[in-house]
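Structural overview
Residues per chain are reported as follows:
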Amino acid sequence: MRQLEPFRTQIRAFTGEFEPMSFFRLEAGDALPQHLRRHLPEMLYVPPQAMRESLPTHSQSECLRGTPIGGDRSTSILLADLDQAGAPRLAFDVARTIDALLLEEYHPGLEPTVEMRLPFNYSLLPPWVKGMARLVRNGQLSREPAIPFPTTEPACVVEWLRELAAWGNAPQSSRCSRIEWPNGHQAAVAISHDVDTDWVFRHPDWLERFVAAEAEHGLTGGWYCVPAWSQSRQSERGIQRLIDLGCEVGCHGYNHDAKWPLLTGSGFARRVEAVKKFRDRWGLRGFRSEWLWRTPQFLSTLAGIFDYDTSVPTVSSLFTSGSRNGCGTCLPYVTFGGMIELPLTLPMDEHRHSSGLSLDAFWHGQVERAARIVEQGGLVMLSLHPQPHQAANAPTLAAVSATLKEIASIGNLWMARPDQIADWARTSLKSGEAALAR
């Protein structure tokens with residue numbers, strides 16, 4: 001392994017510490033098959049534990065070469081080639097690399113924001129105040145990390161790695177696989193809602209507008225509600241109305257102060273018990289964390305409470321500075337504790353403000369992203385926030401409706417609730433579940 005040391009780049013993490021990470025810029029060789037060349041990601045993370053004995057420095061049948069970030073081509077290594085018999089050889093364990101991406105081992109963790117450090121719950125602020133605060137912090141949140149990895153273009157990196165493993169006759173990860181959707185559908189589509197406060201329950205006309213707009217295009221959504229905001233009679237009526245309309249209701253953290261995953265001891269345990277009571281009260285099966293905040297320990301805890309989680313984006317530039325974060329796949333997979341994870345494969349509606357895009361440009365981009373996910377046979381997961389400074393306003397809802405119409409027009413899509421997709425994914429991935437607990 002000594003020869004690999006020059007290829008490990010030291011990246012300063014947001015904690016102020018240096019962590020060893022292996023990021024490579026990829027270059028296709030002449031012998032790489034066209035389908036792998038077409039979807040070749042610009043960059044790849046390979047965990048040190050996944051590196052095998054090095055291939056020859058030079059090969060007459062080079063397939064894939066990697067240059068470490070910050071190095072030049074003279075420091076590159078051969079990652080794949082063909083042996084004398086024409087059989088593929090890989091210099092790294094693809095399955096171990098996929099697992100490292102799905103479990104986000106390539107970054108040292110998420111960085112707490114100012115809101116998480118406040119002595120009070122920022123969610124108690126009026127929507128207009130939160131809207132103003134968003135304008136102030138957007139510049140900080142929209143900064144691109146030092147290493148733009150993972151990427152979803154031209155394809156999700158995990159999907160490309162699975163194609164690489166198939167070509168190289170290498171073992172696949174038991175955490176993920178291509179999913180054959182019901183009735184021959186090419187891909188799946190779901191829409192979800194982060195009910196951060198009780199605003200939409202105090203304005204039931206907006207709840208009806210959201211549900212009707214989505215039903216017009218064949219979608220029945222998942223609504224992830226905050227337990228602390230769901231105790232009033234108005235909230236209970238709203239939740240029951242969603243259930244009566246055939247929607248799924250899930251759990252969205254505890255009180256939306258975004259501090260739960262950071263707690264330990266009795267403070268953490270009290271929230272666990274409160275969330276269990278909320279789960280039992282409404283028969284909830286799915287969970288989404290506040291601000292998508294997650295740690296391995298937190299997800300492992302959730303695995304003992306809920307059937308599935310949907311807190312991990314495919315890719316995000318928020319809360320990390322060394323690299324991006326996210327799972328790098330557009331398909332459901334098995335995360336910590338053997339729990340099904342439904343990744344957020346499209347940016348949330350809130351991302352429009354930090355991106356600086358106009359309303360039309362942002363939602364047009366969502367359609368383009370969805371089309372690429374459909375081509376890969378993945379899950380298109382949209383997410384809305386039903387509050388006036390986010391999605392609960394006439395221009396945004398009109399843009400969302402137009403987007404859903406365009407996505408639906410792609411055709412041959414399974415429009416389903418998140419819990420239905422989680423059930424299907426669990427069945428599809430069940431053969432590998434026995435080896436998943438870690």
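My aim in this report is to walk through the structure given alongside it, one point at a time.

In terms of helices and strands, the protein chain carries 14 helices and 16 strands. Per-residue burial for the protein chain yields a buried fraction of 57% across its 438 residues. Across the protein chain, every contact between residues at least 6 apart in sequence was considered, and the portion connecting residues at least 24 apart equals 74%. Surface exposure of the protein chain reaches about 18100 Å², of which carbon and sulfur atoms provide 51%.

In this section: the packing of helix α8 (residues 233–244) against helix α9 (residues 265–282). The contact between α8 and α9 brings their axes to 12 Å, and the two run at 50°. By the angle between their directions, the pair α8 and α9 is classed as oblique. Residue-level inspection shows Glu236, Ile239, Gln240 and Ile243 of α8 in contact with α9, the latter providing Phe278, Arg281 and Trp282. Residue composition of the contact of α8 with α9, by class: 4 nonpolar, 1 polar and 2 charged.

Another point: helix α14 (residues 418–429). The end-to-end C-alpha distance of α14, which contains 12 residues, comes to 16 Å, matching closely the 16 Å that a straight helix rising 1.5 Å per residue would cover. Restricting attention to buried positions, one finds in α14 the residues Pro418, Asp419, Ile421, Ala422, Ala425 and Leu429. Projected down its long axis, α14 carries its buried residues within an arc of 155°, all on one side.

Turning next to the side chain of Glu248. Relative to the elements of secondary structure, Glu248 occurs in strand β10 (residues 248–252). An unpaired buried charge is present at Glu248: no salt bridge exists, and Arg417, the closest side chain of opposite charge, is 5.0 Å distant. Polar side-chain contacts of Glu248 include one of 2.5 Å to the side chain of Tyr308. The contact partners of Glu248, leaving out residues within four places of it in the chain, are Gly221, Gly222, Trp223, Tyr224, Gly286, Tyr308, Arg417, Pro418 and Asp419.

To continue, consider helix α2 (residues 94–102). Along α2, 9 of the 9 residues are buried, which leaves the element largely enclosed by surrounding structure. Of all the positions in α2, only Val94, Ala95, Arg96, Thr97, Ile98, Asp99, Ala100, Leu101 and Leu102 are classed as buried. Here the buried face of α2 lies against β4 (43–45), β7 (88–90), α5 (157–167) and β13 (333–334). Backbone nitrogen of Ala95 and a side-chain oxygen of the N-cap are separated by 3.1 Å at the start of α2; the cap is Asp93. Looking at the residues trailing α2, positive phi occurs at Glu104, about 55°.

Take the pairing of strand β5 (residues 62–68) next. Burial of β5 is extensive: 7 of the 7 residues sit out of reach of the surface. Sheet analysis places strand β3 (residues 23–28) next to β5, joined by 5 bridges and oriented antiparallel. Note that in β5 the partner of Glu27 across the bridge is Arg65. Sheet analysis places β5 next to strand β6 (residues 77–82), joined by 4 bridges and oriented antiparallel. Directly across from Arg65, in β6, lies its bridge partner Leu78.

Our next topic: the environment of Leu344. Within the secondary structure, Leu344 sits in the loop between β14 (340–341) and α11 (351–355). Those residues in contact with Leu344, other than ones at most four positions away along the chain, are Arg288, Leu292, Thr310, Ser311, Val312, Pro313, Thr314, Met381 and Ser383.

To continue, consider the state of the cysteines. One pass over the structure, following the stated rule, counts 0 disulfides. Here Cys327 is not disulfide-linked; the sulfur of Cys156 is the nearest cysteine sulfur, at 8.0 Å. Here Cys327 falls in the buried class, since its relative accessible area comes to 0%. We note that Cys330 lacks a disulfide partner, and the nearest cysteine sulfur, in Cys156, lies 4.1 Å from it. With relative accessibility at 0%, the residue Cys330 sits in the buried group.

What follows is about the pairing of strand β8 (residues 187–195). With 9 of 9 residues buried, β8 lies mostly within the body of the structure. Residues Ala187, Val189, Ile191, His193 and Val195 point to one face of β8 and Ala188, Ala190, Ser192 and Asp194 to the other, with burial holding for every one of them. Relative to strand β16 (residues 413–415), β8 is paired through 3 bridges, and the arrangement is parallel. When the sheet's bridge partners are listed, Val189 is paired in β16 with Met415. Where β8 and strand β15 (residues 379–384) come together, 6 bridges link them in parallel fashion.

As enumerated under the stated definition, the model contains 19 salt bridges in all. Its salt-bridge partner being Arg65, residue Glu62 comes within 2.7 Å of it at the nearest N-O pair. A single burial state applies to Glu62 and to Arg65, both of which are buried. Within the structure, one salt-bridge network assembled from shared partners comprises Arg285, Asp307, Arg417, Asp419, Asp423 and Arg426.

On to the layout of surface pockets. Rolling a probe over the atoms, with the probe sized like a water molecule, indicates the empty space that remains. The calculated volume of the second largest pocket comes to roughly 260 Å³. Lining the second largest pocket are 18 residues, and of these Leu103, Glu104, His107, Gly109 and Pro296 sit closest to its centre. Here the residues of the lining of the second largest pocket sort into 11 nonpolar, 4 polar and 3 charged.

What follows is about the sheet that holds β4. Here we have 5 strands laid out as an open sheet, ordered β4-β3-β5-β6-β7, and antiparallel in their pairing. The outermost strands of the open sheet, each flanked by one partner alone, are β4 and β7. For this sheet, the mean angle separating the axes of adjacent strands, direction not counted, is 30°. With 3 bridges joining them, β3 and β4 adopt antiparallel strand pairing. If you follow Arg25 over to β4, its bridge partner there is Met43.

Thresholds applied
Residues numbered from 1 in each chain as written. Predicted model: local features only at pLDDT ≥ 70, side-chain atom pairs only at ≥ 80, totals over all residues. Heavy atoms only, no water. Helix = DSSP H or I, 4+ residues; strand = E, 2+ residues; numbered from the N terminus. Buried < 20%, exposed > 50% of the residue type's maximum accessible area, 1.4 Å probe, protein only. Contact = heavy atoms within 4.5 Å. Areas by Shrake-Rupley, 256 points an atom, 1.4 Å probe, with all protein chains shown as cover. Axes fitted to C-alpha atoms, helices over the stretch in contact; angles between N-to-C directions. Parallel < 35°, antiparallel > 145°, perpendicular 65-115°, else oblique. Nonpolar A, V, L, I, M, F, W, Y, C, P; charged D, E, K, R; others polar. Expected span 1.5 Å × (residues − 1). Arc of directions from axis to C-beta. Lys, Arg positive; Asp, Glu negative; His and termini not counted. Salt bridge = Lys/Arg side-chain N within 4 Å of Asp/Glu carboxyl O. Polar contact = N/O pair within 3.5 Å; in protein donor to acceptor, adjacent residues only side chain to side chain. Pairing = 2+ DSSP bridges. Disulfide = S-S within 2.5 Å. 1 Å grid on protein atoms, 1.4 Å probe; cavity = no way out; pocket = protein on both sides within 12 Å on 5 of 7 lines; lining within 4 Å. Points joined across faces, edges and corners; volume = space filled by probe spheres on them.

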